[in-house]
Protein chains: 2
Amino acid sequence: MQAVQSEPALNFCQACTVRNRSICADLDDQEICLLNAIGRRKTIAPGEQLLWEGDDAVLVANVIEGVLKLSTQTAEGKEQILGLAYPSDFLGRPFGQTTPYGVEALTETQVCIFQRADFDRFSREHPKLAHKLLERTLTELDRTRRWMLLLGRMNAEQKLASFLVETTERLAPANCSFVPSDGPQTIELPLSRQQIADVLGLTIETVSRQFTKMKNDGLIDVSGRREVTVLRPKELAERAS
Amino acid sequence: MQAVQSEPALNFCQACTVRNRSICADLDDQEICLLNAIGRRKTIAPGEQLLWEGDDAVLVANVIEGVLKLSTQTAEGKEQILGLAYPSDFLGRPFGQTTPYGVEALTETQVCIFQRADFDRFSREHPKLAHKLLERTLTELDRTRRWMLLLGRMNAEQKLASFLVETTERLAPANCSFVPSDGPQTIELPLSRQQIADVLGLTIETVSRQFTKMKNDGLIDVSGRREVTVLRPKELAERAS
DNA sequence: CGCTCGGTTGACACCAGTCAAACGATGTGG
DNA sequence: CCACATCGTTTGACTGGTGTCAACCGAGCG
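Residues numbered from 1 in each chain as written. Chains lettered and ligands numbered in written order. Predicted model: local features only at pLDDT ≥ 70, side-chain atom pairs only at ≥ 80, totals over all residues. Heavy atoms only, no water.

The name recorded for chain A in an unreviewed UniProt entry is Helix-turn-helix domain-containing protein, from Allopontixanthobacter sediminis.

Right under this line is the structure:
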């Protein structure tokens, strides 16, 4: 576990870009101040790990900027990505003993981290925060369950189409330009082909073939390795079934 | 939505068999009394539905006895079971708008139901309950994520083995006899072959073939349709990988 | 220039899905 | 009592999608 890149305890929260979307949203200025005192900002480079599977859960965090993956491995060493975390998402396992999955940054990422003990205490004393956390966890559970449908019942084409639709949606507010939702839209994928395969429960070859097929069908355009333009969002959504 | 089989408002909670395991565990007698006043017991027959996918979420519930399934469907009508609920588990979507999955009883089931509005209010006023609910939801999220690994990365044999291992574990305390965990153990499956297939993201034929294979390999014994004896728990756990 | 790395493409194998038939337990009506 | 239908399950034959293995491509870099 490496040293935390701490910064002086100024009130970062007031200028925080996810202030109104994260679990802190319902707290008043005074409470924010208290929370600010126990939290620290940290920047994580792509590929760097924030939490390790099986470790004691000593940290929790809010995602401020960037994308991270939560993943676990089978006994044979195959990876399965359990979920992706975007800005305003919450990371970690409060009130738990061990972290049940690894967390790794996919892009340049900024998080707001707390010692778990501090955070646990704070949330016990501030039901508003605990309540927000509960709502968020319930939402995350719903999203995860929808992902099960994808893994259990969809074929490769439907999986990739679903992935592109969801990624476009979740990345859109970051670009923030008001793009008509049925027109072409370009996104930069935060994941490599291998990582997409791990998310979808496929192999890299199958993912690659599906990309090529969609390109040939005129649904998408693939410029660089990470750059994808969705040409026909509606048809793509249809293929996601 | 049918009428609730309500009973006079005696204090059922005091005699509740899941009193110490459910989300009510941390409440004191006075709080239990208040909760008791807004809850109702209800018995559900196998096959009967408690919540409908897409409905307004008006009910939440604790499972007291029996097994239920949470499920959703693809556009093509294939079913995917998202999870199973056992005694002491919590059902429903507090603080949400619509129920994101259907809930149906698999066995004769007893639940303790609340109007969502009542429950939401109660949990806001009693942080102890909200906290238990949060812990439980976090645990459920972890369990669901482990299930994703099964759906995304395991083959049919590993899936069925995992299913039998988990079902044996979760059904064991109900039988309550102290069986040595490495000896033979008989359980009555709460699911049909088709439902097992829906849980594991397989077809009924594949499930059936895997049952036959495990029987021939001497790992299990299949007496009736629902009765399975695990002969070699350790080997079974190994196949679950 | 050659190396590495991520991605693409091809050939092939195999697991699980599909379709179809048969089985066995249960129930119904004559 | 038997004939027959029904339902969940099992078994068989075949297909096809996806995994596996391997070769190749193209960009970046020393």
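A.B. asks: Please explain the environment of Gln49 of chain A as it appears in this structure.
C.D. replies: All names here are of chain A. With respect to the secondary-structure elements, Gln49 resides in strand β2 (residues 49-51). Expressed as a C-alpha distance, the spacing of Gln49 and Leu68, which sit 19 residues apart in the sequence, is 9.2 Å. In this structure the side chain of Gln49 is engaged in a polar contact, spanning 3.3 Å, whose partner is the backbone oxygen of Leu51. (Helix = DSSP H or I, 4+ residues; strand = E, 2+ residues; numbered from the N terminus. Polar contact = N/O pair within 3.5 Å; in protein donor to acceptor, adjacent residues only side chain to side chain.)

A.B. asks: Looking at this structure, I do not really get the interface of chain A and chain B. What am I missing?
C.D. replies: Accessible area lost during the coming together of the parts is what is often quoted as the interface size. If you look at the interface, chain A gives 43 residues, while chain B gives 43 residues. When chain A packs against chain B, close to 3,900 Å² is buried across both sides, 63% of that on carbon and sulfur atoms. For the chain A face of the interface with chain B, the top three residues by lost area are Arg145, Met148 and Arg153 of chain A, together amounting to 21%. At the boundary of chain A and chain B, one finds 6 salt bridges. The partner of Glu140 of chain A in a salt bridge is Arg145 of chain B, and the shortest N-O contact between them spans 3.2 Å. At the junction of chain A with chain B, the criterion picks out 16 residue pairs in polar contact (both at pLDDT 80 or more). (Contact = heavy atoms within 4.5 Å. Buried area = accessible area lost by both parts, 1.4 Å probe. Salt bridge = Lys/Arg side-chain N within 4 Å of Asp/Glu carboxyl O.)

A.B. asks: Teacher, can you tell me more about the sheet that holds strand β10 (residues 220-222) of chain A here?
C.D. replies: Each strand in a sheet pairs with another by means of backbone hydrogen bonds, the pair being arranged parallel or else antiparallel. Residues and elements named next belong to chain A. As summarised here, the arrangement of the 3 strands in space is β9-β11-β10, forming an open sheet in which the pairing is antiparallel. At either end of the open sheet lies a strand with only one pairing partner, and these are β9 (185-188) and β10. Here the strands of the sheet are splayed against their neighbours by 20° on average, with no regard to which way each runs. The pairing of β10 with strand β11 (residues 227-230) spans 3 bridges and is classified as antiparallel. Bridge assignment links Val222 to a residue of β11, and that residue is Val228. Along the sheet, helix α6 (residues 204-216) makes contact with β10 and β11, crossing β10 at roughly 120°. (Pairing = 2+ DSSP bridges. Axes fitted to C-alpha atoms, helices over the stretch in contact; angles between N-to-C directions.)

A.B. asks: Which parts of the structure should I look at to understand the protein's contact with DNA strand D?
C.D. replies: Among the 17 residues in the neighbourhood of DNA strand D, the closest are listed as Ala156, Thr206 and Arg209 of chain A together with Ser208 and Thr212 of chain B. Close to the protein, within 4 Å, the atoms of DNA strand D belong to sugar or phosphate groups at a rate of 63%. A distance of 2.9 Å separates a phosphate oxygen of DNA strand D from a polar backbone atom of Ala156 of chain A. In the model, a phosphate oxygen of DNA strand D is placed 2.8 Å from a nitrogen or oxygen of the Ser208 of chain B side chain. Of all the elements in the fold, those that place two or more residues in the surface near DNA strand D are α6 of chain A together with α5 (193-200) and α6 (204-216) of chain B. With 4 residues, α6 of chain B is the largest single contributor of residues to the surface near DNA strand D. Within the surface near DNA strand D, the residues separate by chemical class into 2 nonpolar, 8 polar and 7 charged. (Near = heavy atom within 4 Å. Nonpolar A, V, L, I, M, F, W, Y, C, P; charged D, E, K, R; others polar.)

A.B. asks: Before we go on, may I ask you to explain the pairing of strand β4 (residues 68-73) of chain A in this structure?
C.D. replies: In the case of a regular strand, side chains alternate between the two sheet surfaces. Residue and element names in this part refer to chain A. With 5 of 6 residues buried, β4 lies mostly within the body of the structure. One ladder, built from 6 bridges, connects β4 with strand β5 (residues 79-85); its direction is antiparallel. By the bridge assignment for β5, Leu70 is matched with Gly83. Hairpin remark: β4 followed by β5, antiparallel, with 5 residues in the connecting loop; positive phi at Gly77, about 95°. Bridging between β4 and strand β7 (residues 102-105) involves 4 bridges; their strand directions are antiparallel. Bridge pairing links Lys69 to Glu104 in β7. (Buried < 20%, exposed > 50% of the residue type's maximum accessible area, 1.4 Å probe, protein only.)

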